[in-house]
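Understanding the architecture of this molecule
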Amino acid sequence: MSSLSRPGAVTGRPASAKTTVKDQEIAAEQRYVDMAYERLDEMRADAQAMIREGYRQSLAGTKGSLVDRDAMVHQAALRAQALDIADDGLVFGRLDLTGREIRYIGRIGVRTSEHDSLVIDWRAPAAEDFYRATPEDPRGVVRRRVLHSRGHAVVDLEDDLLDPEAADGLTIVGDGAFLASLARTREGAMRDIVATIQREQDEVIRAPADGTVLVRGAPGTGKTAVALHRVAYLLFRHRRRFGSRGVLIVGPNRRFTAYIERVLPSLGEGSASLRSLGDLVEGVTATGHDSPALARLKGAETMVRVLRRAVADQAPGAPDELRVVHRGVVVRLDRQRLDKLRNEVHRRSRGSVNAARGRAAELLLEALWQQYTDIGGHEEPAPPGQENLALWNDLLAADGLGELEDAAGDGAASNGNGNGSGAAKKPEGKQGEFTARVREQRAFTDFLMAWWPIRRPLDVLAALGDEDRLRRAAARDLDRDAVALLAASWADPATLSYQDVALLDEIDALLGSPPRPARRKPKAADDDPYVVDGVNILTGEEVADDDWEPEMRELTTSIERLERSRRVDDGVVEERPEYAHIVVDEAQDLSPMQWRMLGRRGRQASWTIVEDPAQSAWEDLDAARAAMETALGGDKPESRSSRSRRGKGRTRKPSTVQRARYEYELTTNYRNSTEIAAVATRVLALALPEARPARAVRTSGIEPVIRAVPGPELASAARAAVQELLDQVEGTIGLIVPLPTGPSRTGNPQPDLFSVDGETGTGGAWSAADRDRLAAGLPERVQVLDVLEAKGLEFDAAVIVAPETVAAQSPRGLRVLYVAVSRATQRLTVLTGDPQWTAILTTG
Ligand SMILES: Nc1ncnc2c1ncn2[C@@H]1O[C@H](COP(=O)(O)OP(=O)(O)OP(=O)(O)O)[C@@H](O)[C@H]1O
C-alpha cells in the first residue's frame, strides 16, 4: 500500500480567491494519477517487448519453441489489451484507512517495478471496502474518495466521511457528485458504474461463484449493471474456470444487447458471449414479437409434446411405397407397413431422429426380406453371403450400436445372437445376400433419403404451417383455434419470432446430429453402397477420397484454439455450446420453452438470474418458474430476501444436498427522478398492488406531463411532444408506442390482437407502417419503439403514447405499461385519449 503525504486542510472553504481547497486536493490526486499512468506506460512497453520476444523465439523454429512463443504472445497480447482499457479513468477511488493506510482503487491493478501496489483492481478483495464501507459499518475506512476524471485528468472529487472520530485532519470535499452523475445525459449506450457501485449492489457482484444468484429489483435499481459487473468480477477471480468454458449473457432483444454491449469491454472483459433470445440458435436470427396470444401458445411446455409428435411424423414429400426387385421378384412395402416401421424406428432410437437413419435402413431391409420370404422369393438358391460384415458394422456404429460379432472368426456373420445391444438382427445366408443386393439398389437408397431425410429444425417448423400436419402433431393438446393461429404464423418461415427460436432449439434437440462417420478410416467411396455422388447418405458427410483422418488433427497452439472458438462464435462450427456461467437478464419474461433452451446451454453452469416479476409480460409465471427450476438443475429456493436487513447475514448458507441458491433484492432506483418514479408507482399499484416500489434518490423538480389527446390526433401530438423534448434534453428520447396491430406475417388480420376503433377516440391501433411514418425525419437520438422493445432500455426523456391501449393489449398489459413509464431519467410525457387515465397517472 502506498503512503503519500496528505493534504492538511480540514474544510472545503476556499484557500485563496483563486484556488479552492478542492482545487488543491485535485492537484494532489492528479500527481498520484500521473504517476500511475507513467507506470502504466512502462507496463505497456513491457507487454509489447514480450510480444516481440515471442516472435523472435519463433525464428528458432522447433515445435516446442513455437508453442512457447504462442503462449507468450497470447499472454502478452491479453495484457496489452487490458492495459489499454485503463487509459480512461484508470484511478477512480481512494480509501483512507485507520492507521494512515491509503489505497487507490482503479480499473486494473498497477504495481511499481518493485511490485508495490500503486492501484488495486476494483475486483480484488482489498478493494471490497471501497464499496461496502458505510458510516454504520466503516470497516476501518475513515474517508472514501471518488475521483472523477476525463481521460488522464482528474476533474472532480467527492468524499464520504465514514468515521468522523478518526478523521484527524483529513479534508472532506464534494457536493453530491454521485447524485449529479445519475442525472447525466444518456448517449444511447450503457456505461460501467465501477466508480459508484453501491453496497447492496456490490454484494451481488461478489456473490459466490457456484450455484444460482437470483437478483430482484424494481426498474432502475441497477440489476443489469450489476449483472454485467458480476461477469467482470467472475472472469477476474475465476479466470481459469469461467474464461475457458465461457460466460453467456442473455438479454431480451437486439436493441438491448446493443445497449449494454460496451459495458464489459470498458471493464477489460471482451470474452463473454452476449446474445439476445432471438440469436441463441446458430444460423437463425429472430426479431419479431408474437402477439400475446400466440406467444402464450408457443411458449408453453405443451409444445414439447407437440414437437415430439411433429418430428415423429412422416417428413413432407416422403414416398408412400417402397418397391425393389430382387432376382426378378418385386418386393413392396405399402404405406401402412411403412408407418409401422417408422414408429418402430422412433421407438427404438429414443428421439435422436437424424441419427436413426441407419436403423431405419436396417428395419426396412428386414421388412423387405420378410416380405420376400412371404412371397416365396427365398426358395432361390443361396449365393455366397456374409461378405458385407464390415459394412454392417459401419452402419451400426454410426447409430451407436455395438458391432456384429464374427462368430466363425473368419469374417462370416454369426447367427444373430451375439450382438451386445440385441437390437439388430444380423443378416446371414440368403438374407445376407438379399440385403447386400437390395441395399445397393438406387431404388432403395433414393427411397431411404426421401423417407428418412436428414431434417433441419427450420424445415420441421415450416412444415407445421400446414394445418393438417399441425393438427396431427397437436393431438388433443391444442384446440382448433390454437392450431389455426399457430399454423398461420409458421406458414411464412421468412419471419421468425423470439418464441420460434426456442421451438427450433427444442426441435434441434429432438432431431439430434446426423450420425458421424465411424472413427476408423472411411471406406473408399467405391466400396460403399451408401455413398451416392461422393456423399454418404446415412451421415450426410462428403466422403474424402484421400487418406486424411480428421481425428488425427489436434489443436496444438493457443492461437489455433482461439481461432476455433472464434469460428464457433461466427457460427462456422455449428454446435450448441455449453457455458460455465449464464446470466439471464429480464428473466421474468422467459417462457417455459425459452428456459428449456437455456437449460441445454448450462447443464453444468452456475447462473445469475436478474428479474422483476412486476415487469413480466409472461402470464403463467408458475409454469415459467417450474421450467426455470428444471433448467437450473432442480434447485429449490434456499435463502431469504436480503431486503429487510443490512450488513451481515444477507444470505443463508446453502445446504450441502441442494445446489446453492443466493437471493438478493436491490432497493434503490438510480434511473428515475422521484417525480417520474411517482407516476410509475401509480401504475405499479394497479398492476401488482402487493409489490413494493424502489426508492428513487434524485429529485429534479420537473413534473411529468400527462396530456389528454383525442385518438386521431395522437400521432401528431406525439411528434409535437418529441419536438418539445428535443429542445429540453441533450441526450436520447424514446417514443414508446403500443404493440403493432394490423396484418400479421401471413398477410391476414391478426384476430388475437386488441384493435381500437379510431372513432371511439381512444386511438392506438399502431401498425408497423404507422410507426415508420412516426419515425420519419426524426434525429438519431430519438428512437421509436414498441413497449416490448423498450424493455431494459433508458432514455433522458420518454413519450408514452396511448397507455390505455398498452394496458388493454394483453392480460399483462398493466405490467408492460409499468415498464414503459419507468424508462425516463429526466422527463416523461404521456399522451392518452382516455380522461380516466389522465386521472390515474396524475393522482393515482
Ligand atoms: N451504483 C450506480 N452508480 C451509478 N449509476 C448507477 C448505479 N446503479 C445503477 N445505475 C444506473 O441506473 C440506471 C439503471 O440501471 P439498470 O438499467 O441496470 O437498472 P435495471 O434494474 O436493470 O432496470 P430495468 O429493470 O428497467 O431493466 C443505469 O443508467 C445505470 O447505469
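Read on for a plain summary of the structure. (Residues numbered from 1 in each chain as written. Predicted model: local features only at pLDDT ≥ 70, side-chain atom pairs only at ≥ 80, totals over all residues. Heavy atoms only, no water.)

**Comments concerning the site of the ligand**
Neighbouring the ligand are 24 residues, the closest being Thr-196, Gln-201, Lys-223, Glu-794 and Arg-823. One nitrogen or oxygen atom from the side chain of Glu-586 is found 3.0 Å from an oxygen atom belonging to the ligand. One of the side-chain nitrogen or oxygen atoms of Arg-671 is found 2.9 Å away from an oxygen atom of the ligand. Burial of the ligand by the surrounding chains reaches 98%, relative to a free accessible area of 630 Å². Broken down by element, the residue count for the shell around the ligand peaks at three residues, all from helix α6 (residues 223–237). For the shell around the ligand, the class distribution of residues is nine nonpolar, nine polar and six charged. Counting the residues that make up the shell around the ligand, at least three belong to each of domain 2 (203–279 + 576–666) and domain 3 (669–843). (Near = heavy atom within 4 Å. Polar contact = N/O pair within 3.5 Å; in protein donor to acceptor, adjacent residues only side chain to side chain. Areas by Shrake-Rupley, 256 points an atom, 1.4 Å probe, with all protein chains shown as cover. Helix = DSSP H or I, 4+ residues; strand = E, 2+ residues; numbered from the N terminus. Nonpolar A, V, L, I, M, F, W, Y, C, P; charged D, E, K, R; others polar. Domains from an automatic or database assignment.)

**Details of the sheet that holds strand β23 (residues 824–832)**
The strand order across the open sheet formed by five strands is β19-β23-β22-β20-β21, and the pairing between neighbours is parallel. Each edge of the open sheet carries a strand with a single partner, namely β19 (705–708) and β21 (782–786). Within the sheet, the average angular offset between the axes of one strand and its neighbour, ignoring direction, is 15 degrees. Across the sheet, helix α25 (residues 714–728) lies against β19, β20 (733–737), β21, β22 (795–801) and β23, angled at about 160 degrees from β23, the strand it touches most. Contacts from helix α29 (residues 835–843) reach β19 and β23, with the element oriented near 170 degrees to β19. (Pairing = 2+ DSSP bridges. Axes fitted to C-alpha atoms, helices over the stretch in contact; angles between N-to-C directions. Contact = heavy atoms within 4.5 Å.)

**Focus: the nonpolar core**
Nonpolar side chains in soluble globular proteins tend to be buried together. In terms of nonpolar packing, the biggest core is built from 83 residues, with Leu-364, Leu-368, Phe-444 and Trp-595 touching the most fellow members. Here this core takes nine residues from helix α13 (residues 357–374), the largest share from any one element. If you look at the next biggest cluster of nonpolar residues, it comprises 82 residues, including Leu-97, Ala-225, Val-816 and Val-821. (Core = buried A, V, L, I, M, F, W, Y, C linked by side-chain atoms within 4.5 Å. Buried < 20%, exposed > 50% of the residue type's maximum accessible area, 1.4 Å probe, protein only.)

**Looking at the packing of aromatic side chains**
Within the structure shown, the criterion is met by eight aromatic pairs. Considering the side-chain rings of Tyr-32 and Tyr-104, the 3.7 Å spacing of their centres and the 15 degrees angle between planes classify their relative orientation as stacked. With Tyr-32 in helix α1 (residues 21–58) and Tyr-104 in strand β2 (residues 102–106), the pair connects residues that are 72 residues apart, well separated along the chain. Summarising the burial analysis for this pair, Tyr-32 and Tyr-104 share the class buried. (Phe/Tyr/Trp six-rings, centres within 6.5 Å; stacked < 30°, edge-to-face > 60°.)

**Structural notes on the pairing of β22**
With seven of seven residues buried, β22 lies mostly within the body of the structure. Sheet analysis places β20 next to β22, joined by four bridges and oriented parallel. Opposite Ile-733, over in β22, you have Ala-797 as the bridge partner.

**Points about unusual backbone geometry**
Although it is not a glycine, Arg-139 adopts a positive phi angle of roughly 50 degrees. Note that Arg-139 resides in the loop between α3 (128–132) and β5 (141–150). By relative accessible area, Arg-139 is classed as partly exposed at 31%.

**Some words on the environment of Ala-502**
Along the chain, the position of Ala-502 falls in helix α20 (residues 498–511). Note: C-alpha distance between Ala-502 and Arg-596 (94 residues apart in sequence) is 7.8 Å. In contact with Ala-502, other than residues within four places in its own chain, are Met-593, Gln-594, Met-597 and Arg-600.

**Side note on the packing of helix α11 (residues 302–312) against helix α18 (residues 467–474)**
It is the contact of α11 with α18, at a shortest axis distance of 7 Å, that shows an interaxial angle of 120 degrees. Crossing of α11 against α18: the hand is right-handed. Residues Arg-305, Val-306, Arg-309 and Ala-310 of α11 form the contact with α18, whose participating residues are Leu-470, Arg-472, Ala-473 and Ala-474. (Left-handed = near helix turned anticlockwise from the far one by under 90°.)

**Examining the packing of helix α10 (residues 292–299) against α20**
For any two helices packed against each other, the geometry comes down to the angle between their axes and how far apart the axes lie. Running from amino to carboxyl end, α10 crosses α20 at an angle of 15 degrees, the nearest separation of the two axes being 9 Å. Between α10 and α20, the angle is such that the two are roughly parallel. As for how α10 packs across α20, the hand of that crossing is left-handed. Where α10 abuts α20, its residues Ala-295, Lys-298 and Gly-299 lie against Gln-499, Asp-500 and Leu-503. Within the contact of α10 with α20, the residues separate by chemical class into two nonpolar, two polar and two charged. (Parallel < 35°, antiparallel > 145°, perpendicular 65-115°, else oblique.)

**Some details on the pairing of strand β4 (residues 117–121)**
The element β4 is largely enclosed, with a buried count of five among its five residues. Sheet topology places β2 next to β4; two bridges connect them, and they run parallel. Counted as the bridge partner of Ile-105 is Ile-120 from β4. Across two bridges, strand β3 (residues 110–111) lies against β4 in antiparallel orientation. Residue pairing in the sheet places Val-110 in a bridge with Val-119 of β4. Counting the residues that bridge the hairpin from β3 to β4 gives five residues, and of these His-115 lies at a positive phi of roughly 70 degrees.

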